[in-house]
Amino acid sequence: MNRRDFITTAVTAGVLAMFAGAGSAQDFPSRPVTVVVPYTAGGATDTLARVIAAPLSEALGQPVVIENRPGAGGAVGAEFVARSGPDGYTLLFHTATVSVYPTTQPDLDFDYRTDFAPITLAARAPYVIAISNNLPANDLKGFIEYAKAHPGELNHGSPGTGTSTHLAAELFKQQVGIDLLHVPYGGSSAVLTATRAGEIDFMMDTYLGLKGAVDGGDVKPLAVGTANRQAFNKDIPTFKEQDVEDLELAAWFAFAAPAGTPEDIIGTLNAAILEALKNPRVVATVEAQGEIVGSTPQELGAQVAKEVDMWAQVAAKAGVE
């Protein structure tokens, strides 16, 4: 399904849901809607949420307020929304990290699959693989061959054990059959600094995080983790172009409400968000690091469920606890 078909299908589903539930959704929304961002202000997730908020407010006819509730890798804000009233007035703008929680934070007092009502997948930011300039490889095939010839001698950095980029790198290693030593750092910027300095051989991040280093020639960008080349840098080839099949690696952003939110209200929110995603400023912001997606609530729920199982298997195989 291409992007246009995906959004068209999602809009249709949202509109049908609105008409089907018009009886209980006819007064929604009658007051401001709060969108909780479970990270600090100024980051990529917060920035995107705020850009979407303006056209979403126009689509809903009510103010949309962004509220930052950071902590525990996003779990603090997520739990706040999970325990909020299921009336559509308190939403969560979350990342793919919700799929990792059952593996890396199994003691949390909530489970996305049972405590949330998915609304829509909003955008996708593919991971880009970059390596140190000190390595002799200049493309993905060359890097894989070099790593296989030097098992255990190369390393890869991540913001921390069990983070999304760590597990994405482990999945890549398992898929192509290479052995790299994982080195956890305190954040993405520290990993990039170490890669620039040649202390780290391999890293993975969204293009927004790597752009300065790529533009400056400080690292070698080898591959983008989506099926197609991306508008942000069409010179970076995909995995498939370099003979790595059946592998896509991307961060993504989505909206959810507390479980129990009426389906007709979810439909109203789905249609309004999909309309907001067409806004030119939203499109420009997203395409600086990825692509607009849009989905039905069911498609978002299915994606989270699939990724929960996938990351559990990747972590178990990699020995991540």
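Parameters at a glance
Residues numbered from 1 in each chain as written. Predicted model: local features only at pLDDT ≥ 70, side-chain atom pairs only at ≥ 80, totals over all residues. Heavy atoms only, no water. Core = buried A, V, L, I, M, F, W, Y, C linked by side-chain atoms within 4.5 Å. Buried < 20%, exposed > 50% of the residue type's maximum accessible area, 1.4 Å probe, protein only. Helix = DSSP H or I, 4+ residues; strand = E, 2+ residues; numbered from the N terminus. Contact = heavy atoms within 4.5 Å.

### Thoughts on the nonpolar core
Ranked by internal contacts, the top residues of the largest apolar core, which has 68 residues, are F93, F143 and F172. Sorting elements by how many residues they give to this core places strand 4 (residues 116–132) first, with eight residues. Among the nonpolar cores identified, the runner-up in size contains 20 residues, and F116, L121, A254 and L300 belong to it.

### Description of the environment of L210
Structurally, L210 can be placed in helix 10 (residues 207–215). Classification of L210 as buried rests on a relative accessible area of 0%. In this structure the C-alpha to C-alpha distance between L210 and A130, which are 80 residues apart in sequence, comes to 8.3 Å. Once residues within four sequence positions are removed from consideration, L210 is found in contact with V128, A130, L192, M203 and D205.

### What about unusual backbone geometry?
With an omega dihedral of -10°, the bond running from F28 to P29 counts as a cis peptide bond. A positive phi angle, close to 55°, is found at A72, a residue other than glycine. Here A72 lies in the loop between strand 2 (64–68) and helix 4 (75–82). One non-glycine residue, D246, lies in positive phi territory at about 55°. Position of D246 relative to the elements: it lies in the loop between strand 8 (219–224) and strand 9 (250–258). Exposure remark for D246: the relative accessible area of 76% places this residue in the exposed category.

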